[in-house]
Amino acid sequence: KLRRLVERQYRVQMTLDQLPLLMRSKEYNYAVRGYPIGFRAPASFKALNDGELYLFNHLKFVITYQQDPQNFQGVRITGFDVNPISIQHS
């Protein structure tokens, strides 16, 4: 079943304090909602064989927030980003 989801490019969507989860790339200057479950390796991808599936099994979250005691109590969440990665376990 996971294979079919990866092949159909399914994305996981999450929200935090009504903000959507974003996957950003500063290098390519883009942000997209959610993150892919995985991907099929292209021929140019050196870590896997051509066509092999790659699953993301760990997520690194970055939550940005703002504090302004003059105007409100507590903190306001201003960003919810993810960096999906895969770690090989033995």
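The residue numbers shown here count from 1 along each chain, following its written sequence. Only residues with pLDDT of at least 70 are given local features in this predicted model, and only at 80 or more are side-chain atom pairs given and counted; all residues enter the totals for whole chains, interfaces and linings. Working from all heavy atoms in the structure, the side-chain values ignore hydrogens and water.

Q: Let's hear about the overall build of the chain: which residues, and what values?
A: Counting secondary structure elements, the chain contains one helix and ten strands. In this description a helix means any DSSP run of H or I spanning at least four residues, a strand means any run of E spanning at least two, and both kinds are numbered starting from the N terminus. Reading the secondary structure of the chain in the N-to-C direction produces α-β-β-β-β-β-β-β-β-β-β. Taking 2.2 N^0.38 as the reference for a compact globule, 90 residues should give roughly 12 Å; the C-alpha atoms of the chain span a radius of gyration of 17 Å, well beyond that estimate. Type-normalised accessible area, obtained with a 1.4 Å probe on protein chains alone, sets the label of each residue: buried when under 20%, exposed when over 50%, and partly exposed for intermediate values. Per-residue burial for the chain yields a buried fraction of 21% across its 90 residues. A fraction of 44% describes how many contacts in the chain between residues 6 or more apart in sequence connect residues 24 or more apart. We get accessible surface area from the Shrake-Rupley algorithm with a probe of 1.4 Å; when it comes to residues, only the shown protein chains can shield them. When the accessible surface of the chain is totalled, it reaches about 7400 Å², and 48% of it is carbon and sulfur. Residues counted as positive are Lys and Arg, residues counted as negative are Asp and Glu, and His and the chain ends are not counted. A charge is said to be at NZ when it belongs to Lys, at CZ for Arg, at CG for Asp and at CD for Glu. The averaged location of the 7 negative side-chain charges in the chain is 6 Å from the averaged location of its 12 positive side-chain charges. With the radius of gyration taken over C-alpha atoms, the globule rule is written as 2.2 Å times the number of residues to the power 0.38. We call two residues in contact when some of their heavy atoms are within 4.5 Å.

Q: Could you give me a rundown of the packing of aromatic side chains, with the residues and numbers involved?
A: Here the aromatic set is Phe, Tyr and Trp, taking the six-membered ring for Trp, and pairing holds for ring centres within 6.5 Å; pairs whose planes are under 30 degrees apart are stacked, those over 60 apart are edge-to-face, and all others are tilted. In total, this model carries four aromatic pairs according to the counting rule given. Ring centres 4.8 Å apart and planes at 35° place the aromatic pair Phe39 and Tyr54 in the tilted group. Taken together, the residues span a long stretch of sequence, with Phe39 in strand β7 (residues 38–40) and Tyr54 in strand β8 (residues 53–55) at a distance of 15 residues. Their ring planes at 15° and their centres at 5.7 Å tell us that Phe61 and Phe80 sit as a pair that is stacked. Here Phe80 lies in strand β10 (residues 75–85) and Phe61 lies in strand β9 (residues 58–67), a separation of 19 residues in the sequence. Here Phe61 falls in the partly exposed class, since its relative accessible area comes to 40%. The ring of Phe72 carries Arg76 above its face, with NZ or CZ at 3.9 Å from the centroid. A ring is considered to have a charge above it if a Lys NZ or an Arg CZ atom is located within 6 Å of its centre and within 35 degrees of its normal.

Q: Account for the side chain of Asp68, naming residues and giving values.
A: With respect to the helices, strands and loops of the structure, Asp68 is situated in the loop between β9 and β10. One polar contact links Asp68 to Asn71, side chain to side chain, over a distance of 2.6 Å. In protein, a polar contact requires one atom able to donate a hydrogen and another able to accept it; more generally it is a pair of N or O atoms within 3.5 Å, and residues adjacent in sequence count only if both atoms are side-chain atoms.

Q: Let's hear about the nonpolar core: which residues, and what values?
A: Leu21, Met23, Tyr35, Phe80 and Val82 form the largest nonpolar core, which has five residues in total. Sequence-distant contacts of Met23, that is, excluding residues within four places in its chain, are made with Arg11, Tyr30, Ala31, Val32, Gly34, Tyr35, Pro36, Val82 and Pro84. Side-chain atoms within 4.5 Å link the members of a nonpolar core, which is a set of buried Ala, Val, Leu, Ile, Met, Phe, Trp, Tyr and Cys residues.

Q: Please give an account of unusual backbone geometry that cites residues and values.
A: Unusually for a residue other than glycine, Gln9 sits at a positive phi of about 60°. Take Gln9: it is sitting in the loop between α1 (2–7) and β1 (11–12). A positive phi is found at Asn29, a non-glycine position, where the angle reads about 55°. Summarising the element assignment, Asn29 is placed in the loop between β4 (22–25) and β5 (30–33).

Q: Please give an account of the pattern of salt bridges that cites residues and values.
A: Note on definitions: salt bridges are taken to be side-chain nitrogens of Lys or Arg within 4 Å of carboxyl oxygens of Asp or Glu. Per the stated rule, a full pass over the model turns up two salt bridges. Residues Glu7 and Arg40 are paired through a salt bridge, measuring 2.4 Å at the closest nitrogen-oxygen approach. Residue Glu7 is located in helix α1, and its partner Arg40 is located in strand β7; the two are separated by 33 residues in the primary sequence. Given the relative accessible area of 39%, Arg40 is considered partly exposed.

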